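Coordinate inspection notes
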Amino acid sequence: ADNFPVVPLVINQQAHIFGVGYDISPRWTINLLVRYIHQNTDHKSVIPGFDEFLISSSGIGDISLSASRPVWRRNQHFVAASVGVSLPVGSIDEIGPTPRDPDQDTQLPYTMQIGSGTIDVMPSLVYSARGSRYTWGGRARGTFRIGETDRNYTLGNRLSVSGWLEKPLRPWLQPSVRVSLQKWGRIDGRDTDLQIDALPVSPYPAAVTDPDKFGGTKVHVTFGATLMRDAGSLARHALQLEAGLPVYQSLHGPQPKEIFRLGAGWKWSL
């Protein structure tokens, strides 16, 4: 009676992010980010017919708009501020095969939804500096949820602080290392479609359906490299690769811990 009858084993998440930025003046830049999300989760359970099962979801995620401008500069030191808003385009009504009803698809847990369901405000402050051999910097960023979803819950706010160091090894190769601290809160409210009130102790069949089992703190270390050319047909193009892993995780309640993350990006400056 003290255990969850359903347990997620592995969650795989992919985010394909398409961004464009435009300098509307020497001091102001606007950015647009569009995300395509694909994710799936393997489960085990004690429910007959659902000993092992897979749920998945995919689609266009929330769309972000932001504006940034420099606020301070001295010699090779630079500070920029930005504010953005995330529009709730991503679905929060994803359904799939779950043990709650073996005969029809039901609402998927919070972790498998595509968007936040709320308008989110995202301020940030970025510092960067350049020396004779290294460049370095840091960023502080917040995500603050405004209002409540139409499913009667609000995801937790997020705060992150990071610092990075980069050293050019060749004109075409710039390796880097980044350390980041992230904190996020529990879910406020609840999606009642995720409950099973007949359960003996808790109405939540899995930890990922319990809004109190969200939130925590993580520290990541990420190693990256930027490859670029100064001339020729590949001028103004850059390939960015990174791999990261958490070195510290303190999570509220039983949650799947993050194992690693990989990223690749292509940047084209016009």
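Calculation notes
- Residues numbered from 1 in each chain as written.
- Predicted model: local features only at pLDDT ≥ 70, side-chain atom pairs only at ≥ 80, totals over all residues.
- Heavy atoms only, no water.
- Phe/Tyr/Trp six-rings, centres within 6.5 Å; stacked < 30°, edge-to-face > 60°.
- Buried < 20%, exposed > 50% of the residue type's maximum accessible area, 1.4 Å probe, protein only.
- Helix = DSSP H or I, 4+ residues; strand = E, 2+ residues; numbered from the N terminus.
- Lys NZ or Arg CZ within 6 Å of the ring centre and 35° of its normal.
- Patch = residues over 30% accessible without salt bridge, like charges linked within 9 Å, V, L, I, M, F, W, Y side chains within 5 Å.
- Areas by Shrake-Rupley, 256 points an atom, 1.4 Å probe, with all protein chains shown as cover.
- Salt bridge = Lys/Arg side-chain N within 4 Å of Asp/Glu carboxyl O.
- Pairing = 2+ DSSP bridges.
- Contact = heavy atoms within 4.5 Å.

1. Here's the deal with the packing of aromatic side chains
Overall, the coordinates contain four aromatic pairs when judged by the stated rule. Relative to phenylalanine 53, the ring of phenylalanine 50 lies with its centre 5.4 Å away and its plane at 90 degrees, an arrangement referred to as edge-to-face. Taking the relative accessible area as the measure of exposure, phenylalanine 53 reaches 11% and is therefore buried. Taking 4.8 Å as the distance between ring centres and 80 degrees as the angle between the ring planes, the aromatic pair formed by tyrosine 110 and tyrosine 153 counts as edge-to-face. Placement of the pair is tyrosine 110 in the loop between strand E7 (106–107) and strand E8 (119–130) and tyrosine 153 in strand E10 (residues 153–154), with a sequence separation of 43 residues. Of the two residues examined, tyrosine 110 and tyrosine 153, each falls in the buried class. An aromatic cluster is built from Tyr110, Tyr153 and Phe214, whose rings are joined through pairwise contacts. We note lysine 167 situated over the ring of tyrosine 134; from NZ or CZ to the ring centre the distance is 5.8 Å.

2. Quick word on unusual backbone geometry
A positive phi is found at asparagine 75, a non-glycine position, where the angle reads about 55 degrees. Structurally, asparagine 75 can be placed in the loop between strand E4 (63–74) and strand E5 (77–87). Overall, the relative accessible area of 69% leaves asparagine 75 in the exposed class. Even without being glycine, asparagine 152 reaches a positive phi, approximately 70 degrees. Inspection of the secondary structure puts asparagine 152 in the loop between strand E9 (135–146) and E10.

3. Section: a nonpolar patch on the surface
Taken together, the side chains of Phe18, Val20, Leu32, Tyr36, Ile60, Leu65, Leu87 and Val89 make up a nonpolar region of the molecular surface, amounting to roughly 680 Å² of accessible area. Elements with a contribution of two residues or more to the nonpolar patch: strand E1 (6–23) and strand E2 (29–45). Along the chain, the position of leucine 87 falls in strand E5.

4. Some points on the pairing of strand E3 (residues 52–60)
One ladder, built from nine bridges, connects E2 with E3; its direction is antiparallel. Note on E3: the bridge partner recorded for lysine 44 is glutamate 52. Between the end of E2 and the start of E3, which pair antiparallel, lie six residues, with glycine 49 showing a positive phi angle near 85 degrees.

5. Comments concerning the environment of methionine 122
Mapped onto the secondary structure, methionine 122 falls in strand E8. The spatial distance from the C-alpha of methionine 122 to the C-alpha of threonine 143 is 4.6 Å, given a sequence separation of 21 residues. Apart from residues no more than four positions distant in its own chain, methionine 122 is found in contact with Ser64, Ser82, Val83, Gly84, Val85, Ser86, Arg141, Gly142 and Thr143.

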